Each structure stands twice: as structure tokens, then as C-alpha cells.
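Listed below, chain by chain, are the residues.
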Amino acid sequence: MDPGAPRTLGIGERIFVALACQLWLWVNLFSQASEFEAIAVSLVQLAAVVLIALRLRHMTSINDRWVRVVILLVVLLVAAVDLTIAGRELAGISVWFSIAKLVPVAGVLALAGVIYCFFKAPTRIMLLLYTVSFVAGMRAIALMVSAQGGSDTGNFGTLTIVEAVASMIYPLVFILKGHYTPVSGPQATIDQK
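What counts and what doesn't
- Residues numbered from 1 in each chain as written.
- Predicted model: local features only at pLDDT ≥ 70, side-chain atom pairs only at ≥ 80, totals over all residues.
- Heavy atoms only, no water.
- Salt bridge = Lys/Arg side-chain N within 4 Å of Asp/Glu carboxyl O.
- Helix = DSSP H or I, 4+ residues; strand = E, 2+ residues; numbered from the N terminus.
- Buried < 20%, exposed > 50% of the residue type's maximum accessible area, 1.4 Å probe, protein only.
- Patch = residues over 30% accessible without salt bridge, like charges linked within 9 Å, V, L, I, M, F, W, Y side chains within 5 Å.
- Areas by Shrake-Rupley, 256 points an atom, 1.4 Å probe, with all protein chains shown as cover.

1. Quick word on the pattern of salt bridges
Oppositely charged side chains can pair when the atoms bearing their charge come close. The final tally for this structure, using the stated rule, is 2 salt bridges. Across the salt bridge formed by Arg124 and Glu13, the nearest N and O atoms sit 3.6 Å from each other. Here Arg124, found in helix α5 (residues 124–147), pairs with Glu13, found in helix α1 (residues 11–30); they are 111 residues apart in sequence, far enough to count as distant. A relative accessible area of 22% places Arg124 in the partly exposed class. Among the salt bridges present, the one from Arg139 reaches Asp82, with a minimum N-O distance of 2.7 Å. Of this pair, Arg139 sits in helix α5 while Asp82 sits in helix α3 (residues 65–90), and the two are 57 residues apart along the sequence.

What follows is the structure in C-alpha cells.
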């Protein structure tokens, strides 16, 4: 077997990883009713960014590492803004401060990160990047809706259903075609652990 060729994951492992990511997506979609939940989502997103960044740092086979770093920075920005807004609202300071104007731009960039994942081989790291990018995009949309007053709840419910269905596409692709990140030479045994 060629050591540089992508190694297919077992179906059980693909289903487990895809299901875990899909549950995280759905939890974020359907349980954003309070500031506590928004803070919890932001903290988990920040932890995920740190863990994925550490993984990218150790992978020498990534050709487009900087694109992935930019995706992580966008996720970090949305999580930080979300955490700050939720924290201020929890403290009773309901102020839509100036940095929140970056939210629509960050939302578009996060959704661009989601689209980027579809053009790459469905590996575990790409599934994780997809998950955190999708959550960042959803949080940016939620922040924009709440900034506009959020009075149109019917459309928001429809938007949530569309997001829930759309979020399933990449995990399903991962289940069907998922594999380890292609590596070459002696680094293969390190990166595939």
C-alpha cells in the first residue's frame, strides 16, 4: 500500500465522528434560547479552535494551511463577539456595540469556510473545520437576527429547518467517503494517530 495514499476509515468510526459533529450542529441550532447557552456554545467553539489549531500545527502535509488558519480565525472572531454580547446581556447591559458590525462579514467568511470544506477530501480534520465554521455562520446569523429585533419568528423557524437540513450534507459525505489525511513517508504514522 502506498504510504501517501489516503487510508479509508472504518464505517463505524466514520458514523461515530459524523454523528458527534451533527449532534453539535443540531444542539446549536435548536437550543439558543438563553445567554447561558450562547456563552456555553462560544466556550466550546473556542476550545475546538484551540484543539484544531494544535492539530494543524503538527500536520506537515497540509498544502493550504493558511486557508484553514483563516477559517479558524473567523470562527474565533464570531465566538469572541458572541461571548462578549451574551456576557453583556447576562450582566444587564443590552448594548449592540461597534465591533458587532463585523458579524455580517464574519458570517459570510464562515459560510465561505463551509463551502471550502466541500472542495477538499472529506477527512476528520475537514469535518471538524466544517462543523465549527457552520456553527460560526449560524451564530452570526442569529446575532444579526437578534440585532434587528428578531420579530419575524416564522421566517427564523424556517431558516432553522433549512440550516438543520443543510448541515447534514457534509457529515453524510464524510460517512460515504471519509478517510485519514493523506501523508507521506515516516510522518504517516505520526499524523494518522
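2. Details of a nonpolar patch on the surface
On the surface, Ile11, Ile15, Leu19, Leu23, Trp26, Phe30, Ile161 and Val165 cluster together into a nonpolar patch covering about 760 Å² of accessible area. For the nonpolar patch, the secondary structure elements donating two or more residues are α1 and α6 (153–166). For the nonpolar patch, the leading source of residues is α1, giving 6 residues. Considering the arrangement of structural elements, one finds Trp26 in helix α1. The exposure class assigned to Trp26 is partly exposed, which follows from its relative accessible area of 31%.

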